[in-house]
Amino acid sequence: MHHSSGRWRLGLALSLLTVFLWGILPIALKVVLQSLDVYTIIWFRFLVSFVMLAMYLGWRGNLPKLRQLSANSGKLLAIATLMLAANYFLFMQGLALTSPANAEVIIQLAPLLLGLGGLVIFQERYNLQQWLGVGVLTCGYILFFQAQFTNLITSQGIYLFGSALLVLGAAVWAIYALAQKQLLQSLPSAHIMLMIYGGSAILLTPLANVSKIFTLSSFHLFTLLFCGLNTLIAYGAFAESLEHWEASRVSAVLAIAPIITLISVELTSIIAPSLIPPERLTVLGVLGACLVVGGSIAIALKKR
């Protein structure tokens, strides 16, 4: 089993960078979905990430070699590639059928499942204060997303189907992340991500409508490029954070992402009301946000 380097401060910093980028990503994706289909967006994100990471590694003379892969590493890499590609597709479809806030609520099942997987598979441990943090975080989500959960229960048809896709997307992401962490035992994180990006881009090439990209407006093209760069930096930071910190604690920090999304939606709706409708926060929602942040910090920073 892979063991973290113990440089928890670096792991925390990389996790926070991932949280910020993942928090603002649903807004950009929702904007791009106005002009481009799901398959092409995902293909473009993987392709941009692969090309830029390959250029960087080539410039440093650090491109991966096939002989680095053992039989077990090859299987894990295939699992990680398929699961991440599936996660991208399911998240994008769920986002297209619901809303950025709803997508971020449900996709938080992913870090929760990652944390449980870290406890079970990698024998990571929480102490009493951290389990209390889990309880505080859970209560915070119940309060913060009360309106969204009510919508989920009462909604019918397309919205509910999109939410189901997001649940499935969270499950396959957790499988990807656990495979990624174990791969770190034999491969550097940059090499793993390069091969995953390249494999996913190849899988999606037959489904992508490349010519449609050249018809985008300047605004939508810029937003699409931002989505590609966001993928490269966020997943690079996430992969590296797993090298230095336990999966269970990384997952706790990732739980803050919906708050970043809600704040970003609010700011975007003020600056450009035609792009994203605002999310209305109640007093209970604000209290829930504070509990989520406090619970995440308690889980992430308390040493054993």
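Procedures and definitions
Residues numbered from 1 in each chain as written. Predicted model: local features only at pLDDT ≥ 70, side-chain atom pairs only at ≥ 80, totals over all residues. Heavy atoms only, no water. Patch = residues over 30% accessible without salt bridge, like charges linked within 9 Å, V, L, I, M, F, W, Y side chains within 5 Å. Areas by Shrake-Rupley, 256 points an atom, 1.4 Å probe, with all protein chains shown as cover. Salt bridge = Lys/Arg side-chain N within 4 Å of Asp/Glu carboxyl O. Helix = DSSP H or I, 4+ residues; strand = E, 2+ residues; numbered from the N terminus. Axes fitted to C-alpha atoms, helices over the stretch in contact; angles between N-to-C directions. Parallel < 35°, antiparallel > 145°, perpendicular 65-115°, else oblique. Left-handed = near helix turned anticlockwise from the far one by under 90°. Contact = heavy atoms within 4.5 Å. Nonpolar A, V, L, I, M, F, W, Y, C, P; charged D, E, K, R; others polar. Core = buried A, V, L, I, M, F, W, Y, C linked by side-chain atoms within 4.5 Å. Buried < 20%, exposed > 50% of the residue type's maximum accessible area, 1.4 Å probe, protein only.

Caption draft 1: Layout of a nonpolar patch on the surface. A cluster of nonpolar side chains, contributed by Leu 17, Phe 50, Val 51, Met 52, Met 55, Leu 229 and Ile 233, occupies part of the molecular surface with about 580 Å² of accessible area. Among the secondary structure elements, those contributing two or more residues to the nonpolar patch are helix H2 (38-59) and helix H11 (218-244). Looking at where Met 52 falls in the secondary structure, it is placed in helix H2.

Caption draft 2: Up close: the packing of helix H5 (residues 109-121) against helix H8 (residues 158-183). Closest axis-to-axis distance for the H5/H8 pair is 8 Å, and the angle between their directions is 40°. The angle between H5 and H8 places the two elements in the oblique class. Handedness of the H5/H8 crossing: right-handed. Within the contact between the two elements, H5 uses Leu 109, Ala 110, Pro 111, Leu 113, Leu 114, Gly 117, Gly 118 and Ile 121 and H8 uses Val 167, Ala 170, Ala 171, Trp 173, Ala 174, Ala 177 and Leu 178. Residue composition of the contact of H5 with H8, by class: 13 nonpolar, two polar and no charged.

Caption draft 3: View of the nonpolar core. Formed by 70 residues in total, the largest nonpolar core has its most connected members in Leu 84, Trp 173, Tyr 176, Met 193, Tyr 235 and Phe 238. Excluding its chain neighbours within four sequence positions, the residues that come into contact with Tyr 176 are Ala 80, Met 83, Leu 84, Met 193, Ile 196, Tyr 235 and Phe 238. By size, the runner-up hydrophobic cluster in this structure holds 13 residues, among which are Ala 101, Leu 119, Leu 137 and Ala 255.

Caption draft 4: How the structure looks around the environment of Leu 184. Tracing the sequence through the fold places Leu 184 in the loop between H8 and helix H9 (189-204). Accessibility expressed as a relative area gives 7% for Leu 184, which makes it buried. C-alpha separation for the pair Leu 184 and Glu 240, spaced 56 residues apart in sequence, amounts to 9.1 Å.

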